[in-house]
Amino acid sequence: MNKRDLSVSMQRANSTALYIGIPVVVFQFTIFSGLHNGENLETTGSFLVFLAFVLAGVVAHEFIHGLTWMAFGGKPLSTIKFGFQWKTFTPYAHLSEPIEVNAYRIGAFMPGLILGFIPYILSLVLGNGNLLWFSMIHLTAAGGDWLILWLLRKVKRGTLVEDHPTQAGCYVYES
């Protein structure tokens, strides 16, 4: 079997997240502001409480990766390592065993859905600035995940992939 590397450095994933995130945030902000007549754009309550929610969201982001790989890939918790790469200031969830590519894709997509898209929809419906800012931060944080999904766009269903141990992305096993 051939093992092809479809990964990028954490630095590139982080810079891509910002590159992808800025237009997304502008779009989100514009839609929210237009829908709510420029009102409710500020966060309410304590900034420290909001910051605590954002940091909890960062931790949740990585756990969502792991829980999704467990649920859709049938992997035990023991195969998932959580940590923080200090060199790039990046939290991570690393799956130590190969997994079917669609299960891997779902695991890459879910944090952005749960912490980004869903809070954004709720912010629009409720006119809640806290949810708007939370969603903008977490959709931007998911930018590295979107990059991984882009790298995997041509990988066929059923193909096994192995999460890269130090970079964003994976190895693809091809016959």
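In what follows, the structure referred to is the one given above.
Description of the layout of surface pockets
Think of a ball as big as a water molecule: rolled over the atoms, this probe shows where empty space is left.
Okay, step 1: Counted as a void, the largest pocket has a volume near 800 Å³.
Okay, step 2: At the level of elements, α1 (10–35), α2 (47–73), β2 (80–85), β3 (90–95), α3 (101–126), α4 (129–141), α5 (143–151) and β6 (168–174) are the ones that each hand at least two residues to the lining of the largest pocket.
Okay, step 3: The element that contributes the greatest number of residues to the lining of the largest pocket is α2, accounting for six residues.
Okay, step 4: Split by residue class, the lining of the largest pocket holds 19 nonpolar, 13 polar and three charged.

Side note on the packing of aromatic side chains
Okay, step 1: Applying the stated rule across the entire model yields nine aromatic pairs.
Okay, step 2: Through a chain of ring-to-ring contacts, the aromatic side chains of Phe-84, Trp-86 and Phe-89 assemble into a single cluster.
Okay, step 3: Positioned above the aromatic ring of Tyr-171 is the side chain of Lys-3, whose terminal nitrogen or guanidinium carbon lies 4.3 Å from the ring centre.
Okay, step 4: Residue placement shows Arg-153 over the ring face of Trp-150; its charged tip is 3.9 Å from the ring centre.

Details of the pattern of salt bridges
Okay, step 1: Taken as a whole, this structure holds three salt bridges when the rule is applied.
Okay, step 2: Residue Lys-3 is joined to Glu-162 by a salt bridge in which the shortest nitrogen-to-oxygen separation is 3.9 Å. Linking Lys-3 in strand β1 (residues 2–8) with Glu-162 in strand β5 (residues 160–163), this pair joins segments that are 159 residues apart in sequence.
Okay, step 3: The exposure class assigned to Lys-3 is partly exposed, which follows from its relative accessible area of 43%.
Okay, step 4: The shortest N-O distance in the salt bridge between Glu-97 and Lys-75 comes to 3.2 Å. Of the two residues, Glu-97 is situated in the loop between β3 and β4 (99–100) and Lys-75 in the loop between α2 and β2; the sequence distance between them amounts to 22 residues.
Okay, step 5: We classify Glu-97 as partly exposed; its relative accessible area is 32%.

About the criteria used
Residues numbered from 1 in each chain as written. Predicted model: local features only at pLDDT ≥ 70, side-chain atom pairs only at ≥ 80, totals over all residues. Heavy atoms only, no water. 1 Å grid on protein atoms, 1.4 Å probe; cavity = no way out; pocket = protein on both sides within 12 Å on 5 of 7 lines; lining within 4 Å. Points joined across faces, edges and corners; volume = space filled by probe spheres on them. Helix = DSSP H or I, 4+ residues; strand = E, 2+ residues; numbered from the N terminus. Nonpolar A, V, L, I, M, F, W, Y, C, P; charged D, E, K, R; others polar. Phe/Tyr/Trp six-rings, centres within 6.5 Å; stacked < 30°, edge-to-face > 60°. Lys NZ or Arg CZ within 6 Å of the ring centre and 35° of its normal. Salt bridge = Lys/Arg side-chain N within 4 Å of Asp/Glu carboxyl O. Buried < 20%, exposed > 50% of the residue type's maximum accessible area, 1.4 Å probe, protein only.

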